[in-house]
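# Summary of structural features
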Amino acid sequence: MRRVVVAIDGPAAAGKSTVAKIVAKKLGYTYIDTGAMYRAYTWYCMEKGVDCEDHDACIVFVNEITIELKADGTVLCNNIDVTRAIREPRVSANVSYIASYKEIRLFLVEQQRKLAASTSVIMDGRDIGTYVLPDADVKIYQIASVETRAVRRYEENISKGIECTLEEIELDVRKRDYIDSHRDFAPLKCAADAITLDTSYMSIDEVVDAIIEIINKKIKELEEKDA
Ligand code: DC
């Protein structure tokens, strides 16, 4: 079977990870949540009591951080289970600063490329199709209206027992979209060869089916080319 690399990018809370996880499971691919890596780094800076807006103070930790993404979704930072902590609003509110620092991006991108080097993967993030895996076989840019995304993230947090308000989530989503798409290095943007999927009025199952259809179509094209 040929190795397939799928990149899913898009703004905050567009439902990328929910859908990517299901698609990966159905197709037997490895799912890589790159946002979790930026979140774990952010968590670590906060644990160290460092201001995430302080570039110089944050970048030094590239020398002491190890981040591990387990197959069951567990995220370890220096062997501490941070799976739940990295989803807290305080981490969400600071992660875009951390993700704007080039030194930290280069450190994490190197690991992301290694993770995608030998198996079929679905990797989601902001710069996967444009920077991390520019040769990905399938590139999807998943979007939804800000209001829809805020409601989705709010309901997800509440179901996980994470306290928040809808207003707070909508503000966070807008702020992160702005910082993520205006940073200098590898900003959030749609790759020229990506397929845009507006999921505002789609259910999770519909998005999963649409992505699997896109992947299968691409595999068929590649196999025809190989033949
Ligand atoms: O996907 P997420 O909301 O968990 O991502 C958290 C933050 O990390 C997001 O605001 C931007 C940043 N990020 C990034 O800059 N590049 C990626 N490949 C993934 C996430």
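As a reminder, the structure under discussion sits directly above these lines.
A count of helical and extended segments in the protein gives nine helices and eight strands. In terms of C-alpha radius of gyration, the protein reaches 17 Å, essentially the compact-globule figure of 17 Å for 227 residues. Counting only C-alpha atoms and orienting by the principal axes, one finds that the protein spans roughly 55 × 35 × 35 Å. A burial count over the protein gives 51% of its 227 residues as buried. Pairs at least 24 apart in sequence give 75% of the contacts found in the protein among residues at least 6 apart. Entry remark: accessible area of the protein is about 11300 Å², with carbon and sulfur atoms responsible for 52%. Here the protein contributes 31 positive and 39 negative side-chain charges, whose respective centroids are spaced 3 Å apart.

Bringing the nonpolar core into the picture now. Counting residues in hydrophobic clusters, the biggest one holds 41 residues, and the most contacted among them are Tyr41, Trp43, Ile67, Ile98, Ile104 and Leu133. A total of eight residues in this core trace back to one element, the largest contributor, which is helix α2 (residues 34-47).

Around the ligand lies a shell of 16 residues, among which Arg39, Arg105, Asp127, Asp180 and Arg183 are the nearest. Side-chain polar atom of Arg105 to an oxygen atom of the ligand: 2.8 Å apart, as the coordinates give it. Here an oxygen atom of the ligand sits 2.8 Å away from a polar atom, N or O, in the side chain of Asp180. Listed by contribution, the elements that provide at least two residues to the shell around the ligand are α2, α4 (89-98) and α8 (166-182). Ranked by residue count, the leading element in the shell around the ligand is α2, at four residues. Grouping the constituent residues of the shell around the ligand by class yields four nonpolar, four polar and eight charged.

The strands making up a sheet associate through hydrogen bonds between their backbones, and the pairing can be parallel or antiparallel. Across the sheet, three strands lie side by side as β3-β4-β5; this open sheet has antiparallel pairing. Each edge of the sheet is formed by a strand with only one pairing partner; in this case those strands are β3 (67-69) and β5 (80-81). Of the pairings in the sheet, the one linking β3 to strand β4 (residues 75-77) comprises three bridges and is antiparallel in character. Bridged to Glu68 within β4 is Leu76.

Attention now goes to the packing of helix α1 (residues 16-27) against helix α9 (residues 204-226). Direction vectors running N to C along α1 and α9 enclose 55°, while the axes themselves pass 9 Å from each other. By the angle between their axes, α1 is oblique relative to α9. In this structure, α1 crosses over α9, and the sense of that crossing is right-handed. Here Thr18, Val19, Ile22, Val23, Lys26 and Leu27 of α1 lie close against α9, whose contacting residues are Ile204, Val207, Val208, Ile211, Ile212 and Ile215. Each residue belonging to the contact of α1 with α9 can be placed in one class, and the counts come to 10 nonpolar, one polar and one charged.

Thresholds applied
- Residues numbered from 1 in each chain as written.
- Predicted model: local features only at pLDDT ≥ 70, side-chain atom pairs only at ≥ 80, totals over all residues.
- Heavy atoms only, no water.
- Helix = DSSP H or I, 4+ residues; strand = E, 2+ residues; numbered from the N terminus.
- Rg over C-alpha atoms; globule rule 2.2 N^0.38 Å.
- Buried < 20%, exposed > 50% of the residue type's maximum accessible area, 1.4 Å probe, protein only.
- Contact = heavy atoms within 4.5 Å.
- Areas by Shrake-Rupley, 256 points an atom, 1.4 Å probe, with all protein chains shown as cover.
- Lys, Arg positive; Asp, Glu negative; His and termini not counted.
- Charge placed at Lys NZ, Arg CZ, Asp CG, Glu CD.
- Core = buried A, V, L, I, M, F, W, Y, C linked by side-chain atoms within 4.5 Å.
- Near = heavy atom within 4 Å.
- Polar contact = N/O pair within 3.5 Å; in protein donor to acceptor, adjacent residues only side chain to side chain.
- Nonpolar A, V, L, I, M, F, W, Y, C, P; charged D, E, K, R; others polar.
- Pairing = 2+ DSSP bridges.
- Axes fitted to C-alpha atoms, helices over the stretch in contact; angles between N-to-C directions.
- Parallel < 35°, antiparallel > 145°, perpendicular 65-115°, else oblique.
- Left-handed = near helix turned anticlockwise from the far one by under 90°.

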